[in-house]
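Here is how the chains run, residue by residue.
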Amino acid sequence: MTEGRGTPTLYEVLGVPSGATRDEIRVAYVAQARASHPDRHAGEDTAARAAATDRMQAVNDAWRVLRDPEARAAYDRSLVAPQTARAAQVAAAAAAGLDEVDVPFHPTADLAASVVRSLPWIVVLAVLAAIFVFTAFARQPDPATTPVAELIGRCVAVGIGGELDVVACSEPNDGRVQTSVADLAHCPSGTRPIARGEGFLCVRPQTE
């Protein structure tokens, strides 16, 4: 199923069926994000790097909508609405003894259908706007310079290049920071060490 004029659905962007579970969507997102990460295409030409960047943006946009139950439900409704309207129009034509190709043109209905088809991207833009506003007032700290005390309890993720980022615990991550030690052997049981400066953060993997 496509959103119109060959535009892939957010499910197709991540390569999952529309009935996929949140865990299946998350796994697909992580795989697609790793494959499309700009660091993996650093040695390629400008066009290839630009394509990878665009792909990464599309993958992130799809994940931001599909990971949220309410946003996903609204998006799913927007996919079904155009099909439902067309089916009703064809059924009415059949009842009137017309073939599908004879269904009359209704500018108002077509305009409404166009608006409905654009709803997925309206939802995406609304979600991105909300994320931008939220992050503008709640920026994640820089793990390289933030005091350890402020990192305790936060979730972190190690990027492909080895950089450490503080992320929301609802996003893919490598675990929640439990403590910091100078020697990796001193990390508590059940945690794994992640290098930070001259010491280590002891991170406990999250389970969903």
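Everything numeric in this text was worked out from a predicted model, so none of it was measured. (Residues numbered from 1 in each chain as written. Predicted model: local features only at pLDDT ≥ 70, side-chain atom pairs only at ≥ 80, totals over all residues. Heavy atoms only, no water.)

Draft legend 1. Representation of the state of the cysteines within the structure. Per the stated rule, a full pass over the model turns up 2 disulfides. Here Cys155 pairs with Cys169 through a disulfide, and the sulfurs are 2.0 Å apart. In this structure, the disulfide formed by Cys155 and Cys169 twists by about 100° around the S-S bond and is classed as right-handed. Note that Cys155 is positioned in strand E3 (residues 155-158) and Cys169 in the loop between strand E4 (164-167) and strand E5 (175-181), a separation of 14 residues in sequence. Using a relative accessible area of 0% as the deciding quantity, one classes Cys155 as buried. You can call Cys169 partly exposed: its relative accessible area is 29%. There is a disulfide in this structure between Cys187 and Cys202, and the S-S distance comes to 2.0 Å. Around the S-S axis, the bridge from Cys187 to Cys202 shows a dihedral of about -85° and counts as left-handed. A residue pair is termed long-range when its members are at least 10 positions apart, and Cys187 in the loop between E5 and strand E6 (192-196) and Cys202 in strand E7 (residues 199-204) qualify at 15 residues. Residue Cys202 is classed as buried on the basis of its relative accessible area, which comes to 0%. (Disulfide = S-S within 2.5 Å. Helix = DSSP H or I, 4+ residues; strand = E, 2+ residues; numbered from the N terminus. Buried < 20%, exposed > 50% of the residue type's maximum accessible area, 1.4 Å probe, protein only.)

Draft legend 2. Fine view of the pattern of salt bridges. Taken as a whole, this structure holds 5 salt bridges when the rule is applied. One salt bridge in this structure joins Asp76 and Arg72, with 4.0 Å as the shortest N-O distance. Placement of both Asp76 and Arg72 in helix H4 (residues 69-95) is noted, with a separation of 4 residues, approximately one turn of the helix. Across the pair Asp174 and Arg192 runs a salt bridge whose closest N-O atoms are separated by 3.2 Å. Separated by 18 residues along the polypeptide, Asp174 in the loop between E4 and E5 and Arg192 in strand E6 bring together distant segments of the chain. The partly exposed category is assigned to Asp174, whose relative accessible area is 24%. (Salt bridge = Lys/Arg side-chain N within 4 Å of Asp/Glu carboxyl O.)

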